[in-house]
Amino acid sequence: QVQLLESGGGLVQAGGSLRLSCAVPGSSFDDKGIGWYRQAPGKQREMVAIISSVGSTVYADSVKGRFTISRDNAKNTVYLQMDNLKTEDTAVYFCTAGVYSTDPEQVDYWGPGTQVTVSS
C-alpha cells in the first residue's frame, strides 16, 4: 500500500493563493502520473491537474491559467500552486498516483485529502 501525504490546505480569501504539497514514496514516484482531484460538498470528485513522470501536464478547464502543477524529483514531491482562488475552488483536495490519465479509474492510490476553503 502506497501512502500519499498531502499538506498545505487551509482557509484563504478569494483572490489569494495556496500551495499544496504531496509527498510520494520513492518507489511509486518515478514512473507514475501524480495528480490532484477535488470534491466539493454535494458534487462528484473531479480531476484538477495531473503531471507525468516526464513533466507533461493536463489541467481541468476550470483551473487553467490559475493553478500550476509541478514535481520535484529530488524530494519525491508534487506541488499544486493555486493562485487567484475562487469560492468555487472550495473542496477537499486529494493527491493521487497511477497511470498518467484523466480517468479516475486509472488512479491506483489516493491520499486522505486536505481541505481548501476560499471565503468571499
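Structure: above.
What this report covers is the structure whose coordinates are included nearby. What you are looking at is a predicted structure, and each value in this text was computed from that prediction instead of being measured.

### Comments concerning the overall build of the chain
Along the chain, the regular secondary structure elements total one helix and 11 strands. For the chain, the N- to C-terminal ordering of α and β elements is β-β-β-α-β-β-β-β-β-β-β-β. Against the compact-globule benchmark of 14 Å for 120 residues, the chain has a radius of gyration of 13 Å, which places it among compact chains. Seen along its three principal axes, the alpha-carbon backbone of the chain occupies a region of about 40 × 30 × 25 Å. For the chain, the residues scored as buried account for 43% of the 120 residues in total. For the chain, restricting intrachain contacts to residue pairs at least 6 apart in sequence, the fraction spanning at least 24 positions comes to 56%.

### Description of the packing of aromatic side chains
Aromatic ring pairs: the centre-centre distance and the angle between the two ring planes describe each pair. Here the structure, examined in full by the defined rule, presents two aromatic pairs. Residues Phe94 and Trp110 carry aromatic rings whose centres are separated by 6.3 Å and whose planes lie at 80° to one another, so their mutual orientation is edge-to-face. A residue pair is termed long-range when its members are at least 10 positions apart, and Phe94 in strand β9 (residues 91-98) and Trp110 in strand β10 (residues 107-110) qualify at 16 residues. Take Phe94: its relative accessible area is 9%, and that puts it in the buried class.

### Digging into the environment of Val12
Mapped onto the secondary structure, Val12 falls in strand β2 (residues 10-13). The spatial distance from the C-alpha of Val12 to the C-alpha of Thr117 is 6.4 Å, given a sequence separation of 105 residues. With residues up to four places along the chain from it excluded, the contact list for Val12 reads Ser17, Leu18, Leu85, Thr117, Val118 and Ser119.

### Notes on the sheet that holds strand β8 (residues 77-82)
Judged by pairing direction, the sheet is antiparallel, and its four strands sit side by side in the order β1-β3-β8-β7 without closing on themselves. Of all the strands in the sheet, the pair left with one neighbour each is β1 (5-7) and β7 (67-72). Adjacent strand axes in the sheet meet at a mean angle of 15°, parallel and antiparallel pairs treated alike. As defined by bridge partners, strand β3 (residues 18-23) adjoins β8 across six bridges and the pair is classed as antiparallel. Opposite Cys22, over in β8, you have Val78 as the bridge partner.

### Here's the deal with the pattern of salt bridges
Once their charged atoms are close, side chains differing in charge can pair, the charge on each being opposite to the other. This structure, assessed with the given rule, holds five salt bridges. Where Glu46 meets Arg38, a salt bridge forms, and the shortest distance between an N and an O atom there is 2.6 Å. For Arg38, a relative accessible area of 5% puts it in the buried group. Several salt bridges converge on common partners, so that one network encompasses Arg38, Glu46, Arg66 and Asp89.

Reading the values: rules and limits
Residues numbered from 1 in each chain as written. Predicted model: local features only at pLDDT ≥ 70, side-chain atom pairs only at ≥ 80, totals over all residues. Heavy atoms only, no water. Helix = DSSP H or I, 4+ residues; strand = E, 2+ residues; numbered from the N terminus. Rg over C-alpha atoms; globule rule 2.2 N^0.38 Å. Buried < 20%, exposed > 50% of the residue type's maximum accessible area, 1.4 Å probe, protein only. Contact = heavy atoms within 4.5 Å. Phe/Tyr/Trp six-rings, centres within 6.5 Å; stacked < 30°, edge-to-face > 60°. Pairing = 2+ DSSP bridges. Axes fitted to C-alpha atoms, helices over the stretch in contact; angles between N-to-C directions. Salt bridge = Lys/Arg side-chain N within 4 Å of Asp/Glu carboxyl O.

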